[in-house]
Amino acid sequence: MSETPRCRVCDGPLREFIDFGRQPLSNRFPRPYQVEDEYFFTLSAGICESCTMVQLMREVPRDRMFNDEYPYLSSGSEVMREHFTEIAQRFLSTRLNRSDAFAVELGSNDGVMLKTLAEAGVRHLGIEPSESVAERARGRGVQVWTEFFEESTAEAILDAEGHADVVYAANTLCHIPYLHSVLEGIKTLLAPSGVFVFEDPYFADVVRHTAFDQIYDEHYYLFTARSVQAAAARYGLELVDVERLPVHGGEVRYTLAHAGAHTAAPGVAELISEEDALGLSRRETLDAFATKVAAVRDDLVRLLTRLNEQGKRVAAYGATAKSATVANYCGLGPDLVEFVCDTTEAKQGRLTPGSHIPVRPAEAFHTDVPDYALLFAWNHAEEIMAKEQEFRDAGGAWIRYIPDVNVL
Ligand code: SAM
Ligand code: TMP
Ligand code: ZN
């Protein structure tokens, strides 16, 4: 654990705006006998007063988070499977339509995106440090190196395969504190007209929706168009396009290219103006966000305590990484939330990090129906609520807490 009182991008001073206290690793689900040796750290976030990049005040060592026990599977949501097939097809029809085209994906996980390129016979490479998920991608015919991407990896890829026409990263760049090394590597790896396309949770949406659980160990950065533009410029790269995405509670897909190689779309300046109008880097905006977060916590604890006193059964839906922040910040344990159901085998039979709520298979939601379901996977609300319509038809109710506490 190293303290990071200064901005990892520009070395400017960081101003802390929220503190969630002691938190566990969000994706390490202990077995009952492992609860004694859980790793904790202090989770707080700050904004750089010089370049506006939002980042954690402390960094968790990467090997603790991403290793051969990493449980998260990208293919766990049907909406996300479609989302990744769609972007793969877009790449195939635009930037990867030459016979020798080459694409690299950082954080390729179980191969949900690259399998479409592999099936189309396109030269590709996934860089994925978590062996548990990399192996699944290989099973789908995807080429993967089990490594953390950084500058030296870019050089090795260049030696082995040459320049990349597309480098893609979904929900991965924001996980990498050593952004300078990654962007140096991208600069080295990209072909002269190549693009680096990445999508991550959007800080403007976090603030707009009080989506405080987007802040956890793995989400080291929370990007805005302004902060990405500033970071790119330090490495001879340029932000040339932005696209708002509805997935995961609100994301932006950014396109970087070599400076001057492409004309920037008007949407870039427009999004930056919107961010300025929201006052995202102003002290008052971030103080108001922190005040709302504390109010959500108080409302949620009050509601769950009341339901418990009334003898109602509450279970949670989706053992998401982001729910680690909610459960630990709000002090939710098995006394208030009986179990959490999740489709991921590697999480089942274990306990939620720090809060120790038992994780059960998805079927438990049907065989042991609770009165209330706390929607930990609120970012997949539409998909889940449609799939579980019977729960409501039978009198069950959903509890949401983003953007505020609501029973529906
Ligand atoms: N791209 C997938 C998606 O959007 O569903 C996976 C996202 S998952 C939240 C983040 C992934 O990034 C993990 O599979 C993790 O192992 C990987 N990762 C973490 N650090 C990395 C690095 N330095 N280079 C490449 N991948 C990394
Ligand atoms: P995510 O929000 O990081 O994508 O994590 C979603 C978690 O929720 C993951 O562990 C899979 C789980 N999940 C279900 O159990 N059922 C579902 O229908 C969906 C969409 C996700
Ligand atoms: Zn900075």
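Quick notes on the rules
- Residues numbered from 1 in each chain as written.
- Chains lettered and ligands numbered in written order.
- Predicted model: local features only at pLDDT ≥ 70, side-chain atom pairs only at ≥ 80, totals over all residues.
- Heavy atoms only, no water.
- Donors = N, O, S within 2.8 Å, 3.2 Å for Na, K, Ca; no water.
- Tetrahedral: all angles 85-135°; square planar, octahedral: opposite > 155°, others 65-115°.
- Phe/Tyr/Trp six-rings, centres within 6.5 Å; stacked < 30°, edge-to-face > 60°.
- Helix = DSSP H or I, 4+ residues; strand = E, 2+ residues; numbered from the N terminus.
- Buried < 20%, exposed > 50% of the residue type's maximum accessible area, 1.4 Å probe, protein only.
- Lys NZ or Arg CZ within 6 Å of the ring centre and 35° of its normal.
- Near = heavy atom within 4 Å.
- Polar contact = N/O pair within 3.5 Å; in protein donor to acceptor, adjacent residues only side chain to side chain.
- Areas by Shrake-Rupley, 256 points an atom, 1.4 Å probe, with all protein chains shown as cover.
- Nonpolar A, V, L, I, M, F, W, Y, C, P; charged D, E, K, R; others polar.

Looking at this structure, how should I read the coordination of the zinc ion (ligand 3)?
Six octahedrally arranged donors around a metal ideally form angles of 90 or 180 degrees; four tetrahedrally arranged donors ideally form angles of 109.5 degrees. Protein coordination at the zinc ion (ligand 3): the donors are Cys7 (SG), Cys10 (SG), Cys48 (SG) and Cys51 (SG), at 2.2 to 2.3 Å from the metal. Taken together, the 4 donor atoms surrounding the zinc ion (ligand 3) define angles of 98 to 115 degrees at the centre, an arrangement classified as tetrahedral.

Got a minute to help me understand the packing of aromatic side chains in this structure?
On inspection of all chains with the given rule, the structure shows 18 aromatic pairs. Between Phe212 and Tyr329, the aromatic rings sit 5.9 Å apart at their centres with planes inclined by 65 degrees, giving edge-to-face as the arrangement. Here the residue Phe212 occupies a position in the loop between α7 (203-208) and β11 (221-222), and Tyr329 occupies one in helix α11 (residues 322-330), the gap between them amounting to 117 residues. Taken as a pair, Phe212 and Tyr329 share a single burial class, namely buried. Sitting above the plane of the Phe40 ring, Arg22 keeps its charged end 3.7 Å from the centroid.

Explain the site of ligand 1 to me, please; I cannot follow it from the model alone.
Ser74, Gly107, Glu128, Ser130 and Asn171 are the nearest of the 20 residues found near ligand 1. Interatomic distance of 2.8 Å between a side-chain N/O atom of Ser130 and an oxygen atom of ligand 1. Bound to the protein, ligand 1 loses 97% of the 600 Å² it would expose on its own. Taken together, the residues of the shell around ligand 1 break down into 11 nonpolar, 7 polar and 2 charged.

Looking at this model, I keep getting lost on the site of ligand 2. Mind explaining?
Taken together, 17 residues lie near ligand 2, and Tyr72, Asp342, Lys347, Asn379 and Lys387 sit nearest. At 2.7 Å from an oxygen atom of ligand 2 is found a side-chain nitrogen or oxygen belonging to Asp342. Lys347 is positioned such that a nitrogen or oxygen atom in its side chain is 2.8 Å from an oxygen atom of ligand 2. Here ligand 2 loses 96% of its free accessible area of 490 Å² to cover by the protein chains.

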